[in-house]
Amino acid sequence: AITISAVKFATGGANLAASLPRIVRLLSEQEQRYGEFAGDSYVCLFHGATGGMEYANATTTSESALRHEVIHSWFARGLTPASQADGWWDEGFATYLDTGERCEWLDFRAPPVELCSRRTFQRTTARRSYEAGSRVFRGIAAVIGPERLLDAMRELYTAQRGASVSTPALEAHLVASTRAVELVDVFHRFVYGFDDRVPGPRLRVEALDAHPLGLTGSVRVRVANDGGDRCRHFVVVITAERHEAIAAVAGFELAPGRSQTMSLRWLRDHEPPAHERLIASVYERGSDAG
Ligand SMILES: [Zn+2]
């Protein structure tokens with residue numbers, strides 16, 4: 001059971017009698033969609049201003065921002081962005097959910113957009129997280145469909161509840177969970193803000209652990225750049241024989257002639273049978289399977 005309280009200032013205009021059942025509805029709506037609420041109480045202060053702010057099991061909000069703030073109990077507080085540079089994804093996803101989960105194809109002729117700087121010492125959430133961030137999720141929904149996006153985010157929430165999720169981890173999860181490697185292009189241009197390189201890097205991947213891959217819960221691969229240009233961003237995917245992606249990891253900044261060793265963990269419940277042959281592939285912007 002969850003204890004829900006709603007309060008306002010004596011002079012505040014919010015309608016508490018109508019708001020309490022609305023909060024109950026909103027909480028159970030998200031619970032059905034994404035999994036169990038992370039706390040045992042929820043406190044809502046109607047602050048008499050516009051907008052809102054989410055906290056752990058609580059919000060200070062206006063009535064109009066309430067749904068957005070409740071959604072943050074799953075995406076922002078249930079799963080937390082790993083750093084301020086990752087703060088775009090919870091705002092982008094909450095905005096996407098609260099504005100009708102529409103599909104919108106991204107325009108790859110448009111200039112790149114940086115939502116995630118990957119800078120450790122960034123201390124503010126990028127202002128464009130809401131609009132450009134929700135556009136990324138509408139673009140992902142256009143590629144894989146809103147239902148598969150919802151399934152993948154539910155899977156992420158149930159597997160990682162209480163943990164923090166970085167942007168590369170989110171990308172790797174979406175690619176592994178949906179097998180849609182086109183999402184590498186989406187993250188490349190509209191999340192990390194990278195442009196396309198001509199002629200571009202040339203990547204090669206080899207598995208380092210000979211066998212049996214299934215027993216360790218993870219696999220190590222080496223990715224080498226044989227091309228003449230730096231690779232700014234790539235994703236390694238491990239696929240089982242029955243063509244199911246079971247693990248993915250994102251990498252960055254691989255100079256020509258250099259290689260990088262990476263470790264991939266299986267998605268929960270996606271452990272391959274020990275005898276199954278596994279295929280490692282690496283994807284960069286615009287690449288076919290490599
Ligand atoms: Zn928000």
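Just so you know, these numbers come straight off a predicted model, no measurement behind them. (Residues numbered from 1 in each chain as written. Predicted model: local features only at pLDDT ≥ 70, side-chain atom pairs only at ≥ 80, totals over all residues. Heavy atoms only, no water.)

Novice: What's the story with the overall build of the protein in this structure? I'm lost.
Specialist: Assigned secondary structure in the protein consists of 7 helices and 12 strands. What you see for the protein is a C-alpha radius of gyration of 21 Å, in line with the 19 Å of a compact globule of 290 residues. Taking the principal axes of the C-alpha coordinates as reference, the protein spans close to 70 × 45 × 35 Å. Split into buried and exposed, the 290 residues of the protein put 49% on the buried side. The contacts in the protein between residues at least 6 apart in sequence include a share of 66% that link residues at least 24 apart. When the accessible surface of the protein is totalled, it reaches about 13800 Å², and 49% of it is carbon and sulfur. The average position of the 33 basic charges and that of the 36 acidic charges among the side chains of the protein differ by 4 Å. (Helix = DSSP H or I, 4+ residues; strand = E, 2+ residues; numbered from the N terminus. Rg over C-alpha atoms; globule rule 2.2 N^0.38 Å. Buried < 20%, exposed > 50% of the residue type's maximum accessible area, 1.4 Å probe, protein only. Contact = heavy atoms within 4.5 Å. Areas by Shrake-Rupley, 256 points an atom, 1.4 Å probe, with all protein chains shown as cover. Lys, Arg positive; Asp, Glu negative; His and termini not counted. Charge placed at Lys NZ, Arg CZ, Asp CG, Glu CD.)

Novice: Sorry if this is basic, but what is going on with the sheet that holds strand β11 (residues 259-265) here?
Specialist: Pairing between the strands of a sheet is mediated by backbone hydrogen bonds and can be parallel or antiparallel. Pairing is antiparallel in the open sheet, where 3 strands are placed in the order β7-β8-β11. The open sheet has two edge strands, β7 (203-207) and β11, and neither has a second partner. When the angles between neighbouring strand axes are averaged without regard to direction, this sheet yields 25°. (Pairing = 2+ DSSP bridges. Axes fitted to C-alpha atoms, helices over the stretch in contact; angles between N-to-C directions.)

Novice: Can you walk me through the pattern of salt bridges in this structure?
Specialist: Note that side chains of opposite charge can pair when their charged atoms are close. Enumeration over the complete set of coordinates arrives at 17 salt bridges. Here Arg138 ties to Glu104 by a salt bridge, and the two come within 2.7 Å at their closest N and O atoms. Here Arg138 is found in helix α4 (residues 131-144), whereas its partner Glu104 is found in the loop between α3 (87-98) and α4, with 34 residues between them in sequence. Across the pair Arg109 and Asp107 runs a salt bridge whose closest N-O atoms are separated by 3.1 Å. Exposure remark for Asp107: the relative accessible area of 35% places this residue in the partly exposed category. Each of Asp185, Arg189, Asp195, Asp196 and Arg285 takes part in one network of salt bridges that share partners. (Salt bridge = Lys/Arg side-chain N within 4 Å of Asp/Glu carboxyl O.)

Novice: What exactly am I supposed to notice about helix α5 (residues 146-160) here?
Specialist: An α-helical segment advances 3.6 residues per turn. Residues three or four places apart therefore align on the same side. Here α5 contains 15 residues, and its C-alpha end-to-end distance of 21 Å stays within 8% of the 21 Å for a straight helix at 1.5 Å per residue. Within α5, the full set of buried residues consists of Leu149, Leu150, Ala152, Met153, Leu156 and Tyr157. For α5, the angular spread of buried residues about the axis comes to 165°, placing them on one side. On the buried face of α5, the contacting elements are α1 (16-34), α3, α4, β6 (164-165) and α6 (167-178). Backbone geometry just downstream of α5 places Gly162 in the positive-phi region, at approximately 90°. (Expected span 1.5 Å × (residues − 1). Arc of directions from axis to C-beta.)

Novice: Is there a simple way to think about the packing of aromatic side chains in this case?
Specialist: Aromatic ring pairs: the centre-centre distance and the angle between the two ring planes describe each pair. Counted by the stated rule, this structure contains 14 aromatic pairs. Ring centres 6.2 Å apart and planes at 45° place the aromatic pair Phe187 and Tyr192 in the tilted group. Neither residue differs from the other here; Phe187 and Tyr192 are each classed as buried. Among the aromatic residues, ring-to-ring pairing joins Tyr34, Phe75, Trp88, Phe93, Tyr96, Phe137, Tyr157, Phe187, Tyr192, Phe194 and Phe252 into one connected group. The ring of Phe252 has Arg118 sitting right over it, with the charged end atom 3.6 Å from the ring centre. (Phe/Tyr/Trp six-rings, centres within 6.5 Å; stacked < 30°, edge-to-face > 60°. Lys NZ or Arg CZ within 6 Å of the ring centre and 35° of its normal.)

Novice: So what exactly am I meant to see when it comes to the coordination of the zinc ion here?
Specialist: Note on metal geometry: ideal angles are 109.5 degrees for four donors arranged tetrahedrally and 90 or 180 degrees for six donors arranged octahedrally. Those donors, His68 (NE2), His72 (NE2), Glu91 (OE) and Glu91 (OE), are the protein atoms that reach the zinc ion, and they lie 2.0 to 2.8 Å from it. Taken together, the 4 donor atoms surrounding the zinc ion define angles of 51 to 151° at the centre, an arrangement classified as irregular. For the zinc ion, the donor residues sit on a single chain with the sequence spacing H-x3-H-x18-E. Of this pair, His72 sits in the loop between α2 (66-71) and β5 (80-81) while Glu91 sits in helix α3, and the two are 19 residues apart along the sequence. Judged by its relative accessible area of 0%, His72 falls in the buried class. Judged by its relative accessible area of 8%, Glu91 is buried. (Donors = N, O, S within 2.8 Å, 3.2 Å for Na, K, Ca; no water. Tetrahedral: all angles 85-135°; square planar, octahedral: opposite > 155°, others 65-115°.)

Novice: Sorry if this is basic, but what is going on with α3 here?
Specialist: Here α3 contains 12 residues, and its C-alpha end-to-end distance of 17 Å stays within 8% of the 16 Å for a straight helix at 1.5 Å per residue. Most of α3 sits inside the fold, with 11 of its 12 residues counted as buried. Of all the positions in α3, only Gly87, Trp88, Trp89, Asp90, Glu91, Gly92, Phe93, Ala94, Thr95, Tyr96 and Leu97 are classed as buried. Downstream of α3 by a residue or two, Gly100 has a phi angle that is positive, lying close to 95°.

Novice: Please clarify how the pairing of strand β2 (residues 41-46) should be interpreted in this entry.
Specialist: Each regular strand shows side chains that alternate between the opposite faces of the sheet. Every second residue of β2 is oriented toward a common face, the buried set being Tyr42, Cys44 and Phe46 and the non-buried set Ser41, Val43 and Leu45. Sheet topology note: the strand β1 (residues 3-8)/β2 ladder contains 6 bridges and is parallel. Bridging across to β2, Ile4 finds its partner in Tyr42. Crossover handedness for the path β1 to α1 to β2: left-handed. The sheet contact formed by β2 and strand β4 (residues 58-61) spans 4 bridges and is parallel. For Val43, the partnering residue across the bridge sits in β4 and is Ala58. (Right-handed = clockwise from strand over helix to strand, strands pointing away.)

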